[in-house]
Amino acid sequence: MLDQPRSDLTNLTVDSTLIESVQRTLREQGQALTTLSQQLDPRQYAATLHMMLECKGHVILSGMGKSGHVARKMSATMASTGTPSFFIHPAEAFHGDLGMITPYDLLILISASGETDEILKLIPSLKNFGNRIVAITNNGQSTLAKHADAVLELHMTNEACPNNLAPTTSTTLTMAIGDALAIALMEKRHFRSDDFARYHPGGSLGRRLLTRVSDVMTSQVPTIDTRADFKKVIQAISSGCQGMVAVTEQQRLAGIITDGDLRRFMEKADDFLQATAGQMMTRQPLTISPDMMVVDAEAIMQKRRVSSLLVTENDTIIGLLRIFN
């Protein structure tokens, strides 16, 4: 596929009315989020979070149209942060997919008006199954709200849409509520980065947090004996291409000589050409275990401002870890 030429923006005329519209929409949605944070009912959120924490099945989200798209995102966020969850389409549910729901599941139903027909049709079946229902709506007196066990109101005055029709501010608020619930649950469950990685093994974070030093270290470690002379030290550092050389005594780690160590020794020593590796090395160098997680090793390296660490077992060198850039 041929690369498409990029548009030249150098001489682009900026339409100030368009930029003002963008800024106005962002301000309106930001203010709507502030209003929601100030006017939310703590009891309703507490009840919702309690039901989510106590849920023995899945937290199932459902919505129609744009609310459905937001519900999918909310469900994905929950599932990736320790709350088993999936999305169900309300129309498909009414035509057979209700079989996916068990009495142990909690339903979060989304409808800004609270009167979406496809959502309301689910309620009798859910009541018959014995499921708890959380409503996210902008109408606390709606049919949906009246049949819910907890109601999370949007407290929205108007959509950002100039015709007050296209779901804009309502979807922003709903998505923010989903994020807020997920984060509250993460904090309550002490959900950490390594927990997150288990649900994202394919991503770079997952690989780092689930990878051990032994998985990525190199076994090719430049090594010399403590009796090696200056010339052999230089040759070992240069040929090893690691910016360091490990120093051993009776095949056990005795120290390390880095490029920096070498320069500092040369500045201080009167006759460095006659020195041995044992005289130049840094004794008791920092080392790591092959079983250590890579992310923990990287944290140590960043804190100590070093680019590589020797990997040892019982004072025996088995590898070298270079920091990821």
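These figures come from a predicted structure and were not determined experimentally.

Next up on the list: a nonpolar patch on the surface. Side chains of Val14, Leu18 and Ile19 sit close together on the surface and give an oily, nonpolar patch of about 290 Å² of accessible area. When you line up the elements, Val14 lands in the segment before helix H1 (16–39). By relative accessible area, Val14 is classed as exposed at 59%.

Attention now moves to the sheet that holds strand S7 (residues 244–249). With respect to topology, 4 strands assemble into an open sheet ordered S6-S7-S8-S9, the strand pairing being mixed. Taken across any chain shown, the strands that pair with only one partner, and hence form the sheet edges, are strand S6 (223–225) and strand S9 (282–283). As defined by bridge partners, S6 adjoins S7 across 3 bridges and the pair is classed as parallel. By the bridge assignment for S7, Thr223 is matched with Ala246. Packing of helix H13 (residues 259–268) onto the sheet brings it into contact with strand S8 (252–258) and S9, and relative to S8 it is tilted by some 70°.

Time to look at the sheet that holds strand S10 (residues 287–288). Judged by pairing direction, the sheet is mixed, and its 3 strands sit side by side in the order S10-S11-S12 without closing on themselves. The sheet terminates laterally at S10 and strand S12 (316–322), the two strands that pair on one side only. Judged from the 2 bridges that link them, S10 and strand S11 (residues 308–313) form a sheet pairing that is parallel. Residue pairing for S11: Ile288 is matched across the bridge by Val311. The sheet contacts of helix H15 (residues 294–304) involve S10, S11 and S12, and relative to S11 the element is tilted by about 130°.

The next point concerns the pairing of strand S4 (residues 132–137). The buried count for S4 comes to 5 of 6 residues, which makes it a mostly enclosed element. Inspection of the sheet shows strand S3 (residues 106–110) paired to S4 by 5 bridges, in the parallel sense. By the bridge assignment, Leu107 is partnered in S4 with Ile133. The pairing of S4 with strand S5 (residues 150–153) spans 4 bridges and is classified as parallel. Bridging across to S5, Ile136 finds its partner in Leu152.

With that out of the way, let us pick up the environment of Glu159. Mapped onto the elements, Glu159 comes out in the loop between S5 and helix H8 (169–189). Judged by its relative accessible area of 11%, Glu159 is buried. It is 27 Å that separates the C-alpha atoms of Glu159 and Leu49, two residues lying 110 residues apart in sequence. Once residues lying within four places of it in the same chain are set aside, the contact partners of Glu159 are Asn164, Ala166, Pro167, Thr168, Thr169 and Ser170. A distance of 2.9 Å separates a polar side-chain atom of Glu159 from the backbone nitrogen of Thr168.

By the element assignment, Ser308 lies in strand S11. With sequence-adjacent residues up to four places away left out, Ser308 is seen in contact with Met244, Met301, Leu320, Leu321 and Arg322.

What follows covers the pattern of salt bridges. In this structure the tally under the stated criterion is 5 salt bridges. We note a salt bridge from Asp41 to Arg43, for which the minimum N-O separation is 3.3 Å. On the basis of relative accessible area, Arg43 is assigned to the exposed category, the value being 64%. Asp179 is the partner of Lys73 in a salt bridge, and the nearest nitrogen-oxygen pair spans 2.5 Å. With Lys73 in helix H3 (residues 66–80) and Asp179 in helix H8, the pair connects residues that are 106 residues apart, well separated along the chain. Asp179 gets classed as partly exposed once you look at its relative accessible area, which sits at 28%.

The subject of this paragraph is unusual backbone geometry. Unlike most non-glycine residues, Asn164 shows phi in positive territory, near 55°. As for its position among the elements, Asn164 is in the loop between S5 and H8. Of note in the backbone geometry, Gln250 takes a positive phi value of approximately 55° without being a glycine. On the secondary structure map, Gln250 appears in the loop between S7 and S8.

This part is about the packing of helix H12 (residues 230–240) against H13. If you want to describe how two helices pack, look at the angle between their axes and the distance between the axes. One can describe the packing of H12 onto H13 by two numbers: an axis separation of 11 Å at closest approach and a directional angle of 150°. Taken together, the axes of H12 and H13 are roughly antiparallel relative to one another. Classified by chirality, the crossing of H13 by H12 is left-handed. On H13, the residues that touch Phe230, Val233, Ile234 and Ile237 of H12 are Asp259, Leu262 and Met266. Among the residues forming the contact of H12 with H13, the class breakdown is 6 nonpolar, no polar and 1 charged.

Reading the values: rules and limits
Along every chain, residues carry numbers that run from 1 in the direction the sequence is written. Two thresholds apply to this predicted model, a pLDDT of at least 70 for residue-level local features and 80 or more for giving and counting side-chain atom pairs, whereas whole-chain, interface and lining totals are computed over all residues. The side-chain values count all of the structure's non-hydrogen atoms but skip hydrogen atoms and water molecules. What goes into a patch is any residue over 30% in relative accessible area without a salt bridge, connected to like charges within 9 Å or, for nonpolar side chains (Val, Leu, Ile, Met, Phe, Trp, Tyr), within 5 Å. We get accessible surface area from the Shrake-Rupley algorithm with a probe of 1.4 Å; when it comes to residues, only the shown protein chains can shield them. When a carboxyl oxygen of Asp or Glu lies within 4 Å of a side-chain nitrogen of Lys or Arg, that pair is called a salt bridge. Where helices and strands are cited, they refer to DSSP runs of H or I of at least four residues and of E of at least two residues respectively, numbered from the N terminus. Buried means the residue's accessible area, taken with a 1.4 Å probe over protein chains only, is under 20% of the maximum for its type, while exposed means over 50%, and partly exposed covers the values in between. Two strands make a pair as long as DSSP finds a minimum of two bridges between them. Between two residues, a contact is recorded if the distance between any of their heavy atoms is within 4.5 Å. The angle between two axes is taken between their N-to-C directions and runs from 0 to 180 degrees, where each axis is a line fitted to C-alpha atoms and a helix contributes only its stretch in contact. Polar contacts here mean pairs of N or O atoms no more than 3.5 Å apart (in protein, one a potential hydrogen donor and the other a potential acceptor; neighbouring residues in sequence count only if both atoms are side-chain atoms). Any angle that falls under 35 degrees is termed roughly parallel, while one over 145 is termed roughly antiparallel, one within 65 to 115 roughly perpendicular, and all others oblique. A crossing counts as left-handed when the near helix is turned anticlockwise from the far one by less than a right angle, and as right-handed when that turn is clockwise. Think of it as three bins: nonpolar holds Ala, Val, Leu, Ile, Met, Phe, Trp, Tyr, Cys and Pro, charged holds Asp, Glu, Lys and Arg, and polar takes everything else, Gly as well.

Read these as spatial facts, not as claims about activity.
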